[in-house]
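Here is what each chain is made of, one letter per residue.
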Amino acid sequence: MSWNVAGLRAVMKNHPEALSDLVTKYNVDVLCLQETKLQEMHVDDPKLKINGHLLEVEGYDAHYSCSTTKKGYSGTAVFIKRRTTASQDAIKSSSKKQATLGNFFNGTKTTNVASSSSNGGTTASLGSVDVASVIPQKVSCEMGYPEHDSEGRIIAVDFPHFSLANLYVPNSGASLDRLSYRTENWDAHLLKFMQQKEMEKPVIWLGDLNVAHTDMEVWNEGAKHLAKSAGTTPEERASFARQLDAGFVDAFRFLHPKAQGQYTYWSQRAGNRAPNKGLRLDYFICSKSLMEDDGDKSKVVVRDSYIVQDQLGSDHCPIVLELEIKK
């Protein structure tokens with residue numbers, strides 16, 4: 001599940017049960033948040049009860065990436081359902097010191113990353129699925145480009161059979177002052193990053209990608225101002241198309257090619273949510289192989305993708321991707 005929360009502290013204050021209810025209702029394995037607007041001082045502030053508290057009772061390990069260039073800006077978070085294998089449980093019980101998150105996630109630790117993990121875990125059955133297949137091998141908050149990595153816009157998670165990247169793609173700005181940076185630098189570097197990861201296993205990149213890339217993703221397609229509005233400029237749409245043309249698939253549009261009125265963002269200032277005058281800015285972009293069920297050769301297959309439009313608390317709503325991990 002992915003959700004741009006437009007400020008995590010605001011969601012926790014105004015809708016304190018929202019995240020807990022979502023992960024419970026949809027039995028979420030991985031929850032990805034964007035635009036958390038957190039800094040490390042917020043994550044670790046005991047008064048705010050974020051690190052070590054948020055979704056702790058529900059059994060999730062948390063990872064936060066915070067902007068170091070601007071306060072109250074950007075930021076991403078990932079919550080992963082806590083699971084352990086029998087062998088890990090044996091290691092824990094024989095160790096004098098309780099193992100920490102770093103013992104299990106061989107991720108890159110950077111100065112703008114905060115994580116939390118409980119001592120506990122569950123070896124609960126996943127049917128015929130090996131529990132190890134849903135335990136991350138690596139968590140990183142770097143794309144590998146300093147000009148991008150300081151804004152807290154990415155958390156990449158490598159699972160045994162696929163990798164995902166939770167993204168908050170830069171907005172081009174009301175005056176389009178970041179348009180060239182976004183399309184010529186960020187988009188190109190992101191594509192290269194995902195292509196490199198895809199050399200090892202299938203990939204998914206997801207989150208608020210800040211583009212409505214077809215006519216069906218906008219309620220007022222054809223309006224003259226769209227060509228000069230962030231998210232609907234010809235440059236952004238063309239850049240996104242180049243990413244898809246490189247061998248990737250918009251999961252929702254692939255599975256629901258004729259769906260209309262399926263938006264994920266509405267302007268609160270204009271009061272556009274009630275009349276459903278929105279844009280679809282949030283996506284799951286997948287390797288083509290994840291969309292093809294090739295019998296025993298396909299270890300992971302996308303089964304569905306949908307939008308949770310009735311969830312309040314932000315100017316965006318959550319989106320869901322359902323995967324089948326085969327035995």
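Description of the structure in this document. It should be emphasised that the depicted structure is a prediction, and the values quoted were computed from it without experimental measurement.

### What to know about the overall build of the protein chain
Helices and strands together make up the secondary structure of the protein chain, namely nine helices and 15 strands. The buried share of the protein chain, taken over its 327 residues, is 53%. If you take every contact in the protein chain between residues at least 6 apart in sequence, the share linking residues at least 24 apart comes to 72%. Accessible area for the protein chain stands at about 15,100 Å²; split by element, carbon and sulfur atoms hold 49% of it.

### Some thoughts on the sheet that holds strand E10 (residues 248-250)
The strand order across the open sheet built from six strands is E6-E7-E8-E9-E13-E10, with neighbouring strands paired in mixed fashion. In this open sheet, the two strands that pair with only one neighbour each are strand E6 (138-140) and E10. Going from strand to strand, the sheet's axes swing by 15° on average, the running direction of each strand aside. Bridging between strand E8 (residues 163-168) and strand E9 (residues 203-208) involves six bridges; their strand directions are parallel. Considered in E9, the bridge of Ala165 is made with Trp205. Of the strands in this sheet, strand E7 (154-158), E8, E9, E10 and strand E13 (282-287) touch helix H7 (residues 179-198), which is tilted by about 145° from E9. Those strands touched by helix H8 (residues 234-245) are E9, E10 and E13, and its axis lies near 120° from that of E10.

### Let's talk about the packing of aromatic side chains
For the coordinates displayed, the defined rule picks out five aromatic pairs. Judged by centre distance (5.8 Å) and plane angle (90°), the ring pair of Tyr64 and Phe79 falls under edge-to-face. In this pair, Tyr64 is assigned in strand E3 (residues 60-65) and Phe79 in strand E4 (residues 76-81), connecting sequence segments 15 residues apart. By the burial criterion, Tyr64 is buried, and Phe79 matches it. Both rings, one in Phe159 and one in Phe162, keep their centres 5.1 Å apart while their planes meet at 25°; by these two values the pair is stacked. Phe162 matches Phe159 in its accessibility class, with the two residues each being buried.

### A few points about the nonpolar core
One finds Val157, Leu164, Ile204 and Cys286 to be the most contacted residues of the largest nonpolar core, which totals 31 residues. Secondary-structure elements contributing two or more residues to this core are strand E2 (30-34), E4, E7, E9, helix H9 (251-255), E13, strand E14 (300-307) and strand E15 (319-325). One finds Val5, Leu31, Leu33 and Leu38 within the second-largest nonpolar core, a separate group that totals 25 residues.

### Focus on the pattern of salt bridges
Two side chains carrying opposite charge are able to pair once their charged atoms lie near each other. In this structure the tally under the stated criterion is 16 salt bridges. As a salt-bridge pair, Arg83 and Asp29 come within 3.1 Å of each other at their nearest N and O atoms. Taken as a pair, Arg83 in the loop between E4 and helix H4 (86-94) and Asp29 in the loop between helix H2 (18-25) and E2 lie far apart in primary sequence, 54 residues in all. Taking the relative accessible area as the measure of exposure, Arg83 reaches 13% and is therefore buried. Here the salt bridges do not stand alone but share partners, grouping Glu217, Asp250, Arg253 and Arg280 into one network.

The rules behind the values
What you see as residue numbers is a count from 1 along each chain, following the sequence as written. The model is predicted, so local features are restricted to residues of pLDDT at least 70 and side-chain atom pairs to those at 80 or more, both for listing and for counting; the totals for chains, interfaces and linings are taken over all residues. Hydrogens and water are ignored here; the side-chain numbers use all heavy atoms of the structure. Secondary structure elements follow DSSP: runs of H or I no shorter than four residues count as helices, runs of E no shorter than two count as strands, and numbering proceeds from the N terminus. Between buried and exposed lies partly exposed: a residue is buried under 20% and exposed over 50% of the maximum accessible area for its type, with that area taken using a 1.4 Å probe on protein chains only. Residues are treated as being in contact if the distance between any of their heavy atoms lies within 4.5 Å. In short, Shrake-Rupley with a 1.4 Å probe defines the accessible areas, and a residue's cover is counted only from the protein chains shown. Strand pairing follows a simple DSSP-based rule, namely that at least 2 bridges must link the two strands. Lines are fitted to the C-alpha atoms to define the axes, a helix being fitted only along its stretch in contact, and any angle between axes, read from their N-to-C directions, falls within 0 to 180 degrees. Within 6.5 Å between ring centres, the rings of Phe, Tyr and Trp (the latter by its six-membered ring) count as paired, and their orientation is classed by plane angle as stacked under 30 degrees, edge-to-face over 60, tilted in between. We call a set of buried Ala, Val, Leu, Ile, Met, Phe, Trp, Tyr and Cys residues a nonpolar core when their side-chain atoms join them within 4.5 Å. What counts as a salt bridge is simple: a side-chain nitrogen of Lys or Arg found within 4 Å of a carboxyl oxygen of Asp or Glu.

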